[in-house]
Amino acid sequence: MSITLAPRENVFGLALPVLLLVGLSGALAVETGMVGRNASAAALLPPETVTLAPAPFPHRPAGDYLAGGLSVNAPLTTAPLETPLIIMVHEVSAADYARCVAETACAPAQPGHHATGDAPVTGVSYDDAKAYADWLSTRTGANWRLPTVEEWDFAAGALARDHGLEGLTDPADPAQKWLADFDRAAAQRVPGGAVPQPLGTIGPNENGVADLGGNVWEWTATCNSRVTLDGTGQVANTLPSCGLRIVEGKHRMPVNVFVRDAIRGGCSVGNPPDNLGFRLVRDPPWYARLAAIVGFR
Amino acid sequence: MNFAALNLNRRALLAGLGTSAAVGAVIGQAGVGPAEAAPAPEATPAVDPATLPHVKVDLVAPPFVHPHDQIAVGGPKVVQFRLTVKEKPVVVDEDGTTIQGMTFNGSIPGPMMVVHEGDYVELTLANDASNTMQHNIDLHATTGGAGGGALTMINPGEETTLRFKATCVGAFIYHCAVGGEMTPWHINSGMNGAMLVLPRDGLKDGAGRPLKYDRIYYIGEQDYYVPRNPDGSYKKYDSLGDEFADVLAAMKGMIPTHVVFNGAVGALTGKNALPAKLGENVLIIHSTPMRDTRPHLIGGHGDYVWTDGKFGNPPSLGLETWHVAGGSAAVALYRFRQPGIYAYVNHNLIEAVYLGATAEFKVEGTWNNDLMQVVTPPRPIA
């Protein structure tokens, strides 16, 4: 696997004031396992990441939107990312996930999927992904978590489609949207393409993030929701439903948090993901957020 | 192989259809009463088929059906078909699981053959020279000779032509029946298809009014028993001989790993969805060689359904789901009244969702609010 990384942003410039540097070195000592947590566990290399500077980008939020009793597009907004996004270059591999399973912090992936090796772990639920993030946080001393839909779309760059343009030609004729969505989903489907490919099969995108848009859909932290707009297009009511989380990939879809394989076939409507996997983001530690706020980047 | 016993059983079963006065006297027509009440068919004067018009038909792969007249034009004809048995690897799902398939003309199911009652069928069966096994064909539409199986056994590199008279009206399956444990194995490897024998004056409802179709689709349901590795993944074999013992052991477990329409998971979904237009009458023939099944059109019905597939019986009206007995083919006619995507499933939805028994119809047209409309869209419970 050969990955060309996008240049990483150096969050900590050499010009940091001495006072901040002193505090920082103590924090780094904790983060690198020199002191404190899990001193007995074997050293664990943190996953490869890229850091993306926040920038406004047009975005349609996830969720089912209603206006005037009809299904409508989510309004086009500017996503409010305010801190650098530190995201894994690759999806979590089967080998890495197996380590968490071996330490009994994660449940085994669904049988029939790659149990080990340099392929993305698949056959994992939202709950599994969250358990892995918690385990990795404990083992590395950093705060790893699933990305939100906004964060995932930001990292996905050009791949993140405008989810508003899915053939909603006539809201009063639901069949037209079904037909348009069906055609789009049918065009995406690659025969014989459901077996997860090794990490790096799809090279890094313009943000240095690899393996996006393949046959592995990725869990996000974002809850499914029903959003009702008022007559002026403003949100009148939001009813979140966190038993379903949004998975992202070639298209978005809400999936129950305990599902490990969104089975293909048999659906009266919709195009289920081929496989469910995930990648994580790392929250910048407090001192980096502080540095960003005071202008050191 | 005991063809005599097979033949006797089939004759007994066919007797009720009045194929001959002598056999008809043995068992009465179901539901009609004693044998004497069954109508004795007129003895048809023997004609020399050589004097009849000959029509050669090029078969097409399912779900499509070769062009044909719904009402016969002119008198009986000799209709000539050619089926070539091809042994070849077949991919059966989206993960690339591959079986060593056995096929008629390369497709699973084999092609639909359409004739009219009273026509003579001249079927040439060829066993491709690259094959390794003996093959034959048993056509449920025929009378005697184990459905033709007793007369058509051929080795690789051979071909034979069988002529039979189409005396029974309806949809009938055909399959390989080389004998013993070879028979279920060959059928489960893909060697089955269907024949449609139409009444000369076309399809009718129970009151004798004509029924016509704008489109015809042939859906063949197929169960596979793919052996697994210890880790649960499917095994792949290099040849039929390699897979034989393992596949037979899996078959005898009676739990299919795949139940699919037209040979593979997804063969009739997505890009391969069956197109139709609002208002069109679509004739759906659904065959299943071994296992019983229960097709259901999600969001639609069967306006007229010959659930047994036989046009001597009046069609049932407005069915939600219909039963297709293993070893038969059902015929359903439906006029689409709303646009959209219709899943057509084996309504054992475990089989539809997990094992693959799903097709999709894609129907273009304009929505009818009179038939369905949302009154209160989803909202928090008051």
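Residues numbered from 1 in each chain as written. Chains lettered and ligands numbered in written order. Predicted model: local features only at pLDDT ≥ 70, side-chain atom pairs only at ≥ 80, totals over all residues.

Draft legend 1. Structural view of the overall build of chain B. For chain B, the count of helices and strands is 5 helices and 21 strands. Within the span of chain B, comprising 382 residues, buried residues form 44% of the whole. Partitioning the contacts of chain B with sequence separation of at least 6, the portion at a separation of at least 24 is 71%. (Helix = DSSP H or I, 4+ residues; strand = E, 2+ residues; numbered from the N terminus. Buried ≥ 20, exposed ≤ 12 C-beta atoms within 10 Å, placed from the backbone. Contact = placed C-beta atoms within 7 Å.)

Draft legend 2. Representation of the environment of Val50(A) within the structure. Residues and elements named next belong to chain A. Looking at where valine 50 falls in the secondary structure, it is placed in strand S1 (residues 49-52). For valine 50, a count of 20 C-beta atoms within 10 Å corresponds to the buried category. Between the alpha carbons of valine 50 and isoleucine 86 there is a distance of 5.6 Å; along the sequence they are 36 residues apart.

Draft legend 3. Structural view of the sheet that holds strand S12 (residues 215-224) of chain B. Residue and element names in this part refer to chain B. With mixed pairing, 6 strands are arranged side by side in an open sheet as S13-S12-S15-S19-S17-S18. Each edge of the sheet is formed by a strand with only one pairing partner; in this case those strands are strand S13 (258-261) and strand S18 (316-319). Going from strand to strand, the sheet's axes swing by 25 degrees on average, the running direction of each strand aside. Across 3 bridges, strand S17 (residues 302-306) lies against strand S19 (residues 328-335) in antiparallel orientation. When the bridges of S19 are listed, tryptophan 306 appears paired with valine 331. (Pairing = 2+ DSSP bridges. Axes fitted to C-alpha atoms, helices over the stretch in contact; angles between N-to-C directions.)

Draft legend 4. Quick look at helix H2 (residues 94-102) of chain A. Residue and element names in this part refer to chain A. All of the buried residues in H2 are Ala94, Asp96, Tyr97, Cys100 and Val101. Down the axis of H2, the buried set is contained in an arc of 165 degrees. They therefore lie on one face. Next to the buried residues of H2 lie helix H3 (126-140). Threonine 104 sits one or two residues past H2 and shows a positive phi near 60 degrees. (Arc of directions from axis to C-beta.)

Draft legend 5. Representation of the interface of chain A and chain B within the structure. Listed as interface residues are 28 residues of chain A and, on the opposing side, 33 residues of chain B. Within the residue set of the side of chain A that touches chain B, elements represented by two or more residues are helix H5 (174-188), strand S8 (216-229) and strand S9 (235-248) of chain A. Per-element accounting of the side of chain A that touches chain B gives the leading share, 7 residues, to H5(A). When the residues that make up the side of chain A that touches chain B are grouped by side-chain class, the tally is 16 nonpolar, 8 polar and 4 charged. (Nonpolar A, V, L, I, M, F, W, Y, C, P; charged D, E, K, R; others polar.)

Draft legend 6. Seen up close, the sheet that holds strand S9 (residues 192-198) of chain B. Residues and elements named next belong to chain B. Within the open sheet, the 4 strands sit side by side as S4-S9-S8-S6. Their pairing is mixed. The open sheet has two free edges, formed respectively by strand S4 (113-116) and strand S6 (138-139), since each of these has just one partner strand. In terms of strand pairing, S4 meets S9 through 4 bridges, oriented parallel. Bridging across to S9, valine 115 finds its partner in valine 197.

Draft legend 7. How the structure looks around unusual backbone geometry. Residue and element names in this part refer to chain B. In this structure, proline 63 follows proline 62 across a cis peptide bond, with omega equal to 15 degrees. Within the secondary structure, proline 63 sits in the loop between strand S1 (54-56) and strand S2 (78-91). Residue proline 109 is reached from isoleucine 108 by a cis peptide bond, and omega for that bond is 0 degrees. By secondary structure assignment, the location of proline 109 is in the loop between strand S3 (98-104) and S4. If you check the backbone angles, methionine 254 has positive phi at about 65 degrees while not being a glycine. Tracing the backbone through its elements, the reader meets methionine 254 in the loop between helix H4 (240-252) and S13. Taking the C-beta count within 10 Å as the criterion, methionine 254 has 9 such neighbours and is therefore assigned exposed. Positioned with a positive phi, asparagine 262 is a non-glycine residue whose angle comes to about 55 degrees. Looking at where asparagine 262 falls in the secondary structure, it is placed in the loop between S13 and strand S14 (274-277).

Draft legend 8. Molecular detail of the nonpolar core. Counting 98 residues, the largest nonpolar core has Ala194(B), Met195(B), Leu196(B), Val197(B) and Ile285(B) as its most contacted members. With 6 residues, the top contributor of residues to this core is S19(B). When neighbours within four sequence positions are excluded, Met195(B) is seen to be in contact with Met113(B), Leu139(B), Ala141(B), Phe172(B) and Tyr174(B). Counting residues in each nonpolar core, the second largest holds 46 residues, with Tyr126(A), Ala129(A), Tyr132(A) and Ala160(A) among its members. (Core = buried A, V, L, I, M, F, W, Y, C linked by C-beta atoms within 7 Å.)

Draft legend 9. Representation of the pairing of strand S20 (residues 340-346) of chain B in the model. Residue and element names in this part refer to chain B. Of all 7 residues in S20, 7 are buried, a share of seventy percent or more. Looking at chain direction, strand S16 (residues 295-297) and S20 are connected through 3 bridges and run antiparallel. Looking across to S20, one finds that leucine 297 is bridged to tyrosine 344. Pairing geometry for S20 and strand S21 (residues 358-364), over 6 bridges, is antiparallel. Of the residues in S21, the one forming a bridge with tyrosine 342 is phenylalanine 361.

Draft legend 10. Focus on the environment of Tyr234(B). All names here are of chain B. Its place among the elements puts tyrosine 234 in the loop between S12 and H4. Judged by C-beta crowding, with 19 C-beta atoms within 10 Å, tyrosine 234 ranks as partly exposed. Counting along the chain gives 47 residues from tyrosine 234 to isoleucine 187, while the straight-line C-alpha distance between them is 20 Å. Ignoring anything within four residues of it in the chain, the contact list for tyrosine 234 reads Thr97, Val226 and Arg228.

Draft legend 11. Just the confidence of the model for chain A, in detail. The predicted model of chain A has a mean per-residue pLDDT of 80, with 74% of residues at 70 or higher. Taken as a whole, residues 1-40 of chain A scores under 50 in pLDDT and shows 53 contacts with residues more than four places along the chain or in a different chain. (pLDDT = per-residue confidence, 0-100.)

Draft legend 12. How the structure looks around H5(A). In this model H5(A) runs 22 Å from its N-terminal to its C-terminal C-alpha over 15 residues, within 8% of the 21 Å that 1.5 Å per residue would give. If you check which residues of H5(A) are buried, you get Pro174(A), Ala175(A), Gln176(A), Trp178(A), Leu179(A), Phe182(A) and Ala185(A). Packed against the buried residues of H5(A) are S20 and S21 of chain B. (Expected span 1.5 Å × (residues − 1).)

Draft legend 13. A look at the environment of Asn275(A). Residues and elements named next belong to chain A. Within the fold, asparagine 275 resides in strand S11 (residues 275-277). Judged by local crowding, asparagine 275 falls into the buried class, with 26 C-beta atoms found within 10 Å. For the pair asparagine 275 and valine 195, spaced 80 residues apart in sequence, the C-alpha to C-alpha distance is 8.3 Å. When near neighbours in sequence (up to four residues on either side) are disregarded, asparagine 275 contacts Thr122, Pro196, Asn215, Val216 and Trp217.

Draft legend 14. Inspection of the confidence of the model for chain B at higher detail. All names here are of chain B. Confidence in the prediction of chain B, expressed as mean pLDDT, is 90, and 88% of residues score 70 or more. Low pLDDT (under 50) marks residues 1-37, which in the prediction has 46 contacts with non-local residues, meaning those over four places away or in another chain. Taken together, the chains of this predicted complex give a pTM of 0.81 and an interface ipTM of 0.76.

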